[in-house]
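# A structural walkthrough
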Amino acid sequence: MTDALLSGLLAGYGVAVPVGAISVLVVTLASRVSLGRGLAAALGVATADGLYALAAVLGGAALAPVIAPAAGALEAVAAGVLVLLAVRGLWATCRDHRTENGVTPPAPASPRRTYAALLGLTLLNPLTVVYFTALVVGGRAGPGPLGPGLAFALAAFAASASWQALLATGGALLRRALTGPRARLLTGLTGHTVVLALALRLALTG
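Cut-off values and rules
- Residues numbered from 1 in each chain as written.
- Predicted model: local features only at pLDDT ≥ 70, side-chain atom pairs only at ≥ 80, totals over all residues.
- Heavy atoms only, no water.
- Helix = DSSP H or I, 4+ residues; strand = E, 2+ residues; numbered from the N terminus.
- Buried < 20%, exposed > 50% of the residue type's maximum accessible area, 1.4 Å probe, protein only.
- Contact = heavy atoms within 4.5 Å.
- Areas by Shrake-Rupley, 256 points an atom, 1.4 Å probe, with all protein chains shown as cover.
- Core = buried A, V, L, I, M, F, W, Y, C linked by side-chain atoms within 4.5 Å.
- Expected span 1.5 Å × (residues − 1).
- Patch = residues over 30% accessible without salt bridge, like charges linked within 9 Å, V, L, I, M, F, W, Y side chains within 5 Å.
- Salt bridge = Lys/Arg side-chain N within 4 Å of Asp/Glu carboxyl O.
- pLDDT = per-residue confidence, 0-100.
- Polar contact = N/O pair within 3.5 Å; in protein donor to acceptor, adjacent residues only side chain to side chain.

Another aspect to go through is the overall build of the chain. Along its length, the chain carries eight helices and zero strands. Tracing the chain from N to C terminus, the helices and strands come up as α-α-α-α-α-α-α-α. Looking at the chain as a whole, 40% of its 206 residues qualify as buried. In the chain, once contacts between residues fewer than 6 apart in sequence are set aside, the share between residues at least 24 apart is 90%. If you sum the accessible surface of the chain, you get close to 10,400 Å²; carbon and sulfur atoms cover 71% of it.

Dropping the structure here:
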């Protein structure tokens, strides 16, 4: 069981730590809106990682060959969604900057909707389950009874959640440090532009 927990933690951090468009989106939400929104996004990402880890444990060896042919199409969908989110974020940043003088902008979406959106967006990356499957088949997840497999999946979820929460907290601290209108405009434009660039890179290399 201990080996499964350690393997799950390492696997979770392995899939979560590399900075991609989703990570930048978590930071941007926390810095531009609130820590609550950032943590909701972080939990959505971690839930997707945990579900894929569980899928790998329960039947990843059989599932990976089925998913692999559709990986390109799903990556294209994910890239398209990220482009839309980035463009919408850039527009909202400019709108909010223009309306800061006495005009209250519309209330942002709820944390629940943010969680659902990031969960769905992260689930569009099927290579995550292939990654976890390789670890399971390779023996690093402690194959055997179901208990160690579930421990592996929970540990992977915990690792991903802790890392994404750290990113969200960093984004919230950035928001507190940069409170002026110009600073908020700069961080918003920078964050969403990076998301857009990463999305385009995903679309071109997928």
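What follows covers the nonpolar core. Residues Ile22, Val26, Leu82, Leu118 and Leu121 are the most contacted members of the largest nonpolar core, which totals 16 residues. At the level of elements, α2 (21-32), α3 (35-67), α5 (111-123) and α7 (146-177) are the ones that each hand at least two residues to this core. The leading source of residues in this core is α2, at six residues. If we skip the residues at most four places from it in the chain, valine 26 touches Gly38, Ala41, Ala42, Val45, Gln164, Leu167 and Ala168.

In this section: α2. End to end, α2 covers 16 Å across 12 residues, agreeing with the expected 16 Å (1.5 Å per residue, within 8%). Listed in full, the buried residues belonging to α2 are Ala21, Ile22, Ser23, Val24, Leu25, Val26, Thr28, Leu29, Ala30, Ser31 and Arg32.

It is worth spelling out a nonpolar patch on the surface at this point. Residues Leu6, Leu9, Tyr13 and Val17 make up a contiguous nonpolar surface patch of roughly 310 Å² in combined accessible area. As for its position among the elements, leucine 9 is in helix α1 (residues 2-16). Using a relative accessible area of 32% as the deciding quantity, one classes leucine 9 as partly exposed.

Note on placement: valine 27 falls in helix α2. Relative accessible area serves as the criterion here: at 24%, valine 27 is assigned to the partly exposed category. A C-alpha to C-alpha distance of 5.1 Å links valine 27 and alanine 168, two positions 141 residues apart in sequence. When sequence neighbours within four positions are dropped, the list of residues in contact with valine 27 reads Leu167 and Gly171.

In this section: the confidence of the model for the chain. With 71% of its residues at a pLDDT of 70 or more, the chain shows a mean pLDDT of 76. Per-element averaging of pLDDT across the chain places helix α6 (residues 127-137) at the bottom with 64 and α5 at the top with 91. Low confidence marks residues 101-107, where pLDDT is under 50. Its contacts with residues over four positions away, or in another chain, come to three contacts. Within the model, the stretch residues 139-144 combines pLDDT values under 50 with 10 contacts to residues more than four positions away or in other chains.

All right, on to the environment of arginine 37 then. When you line up the elements, arginine 37 lands in helix α3. Along the sequence, arginine 37 and tyrosine 115 sit 78 residues apart, while their C-alpha atoms lie 8.2 Å from each other. One polar contact links arginine 37 to threonine 114, side chain to side chain, over a distance of 2.5 Å.

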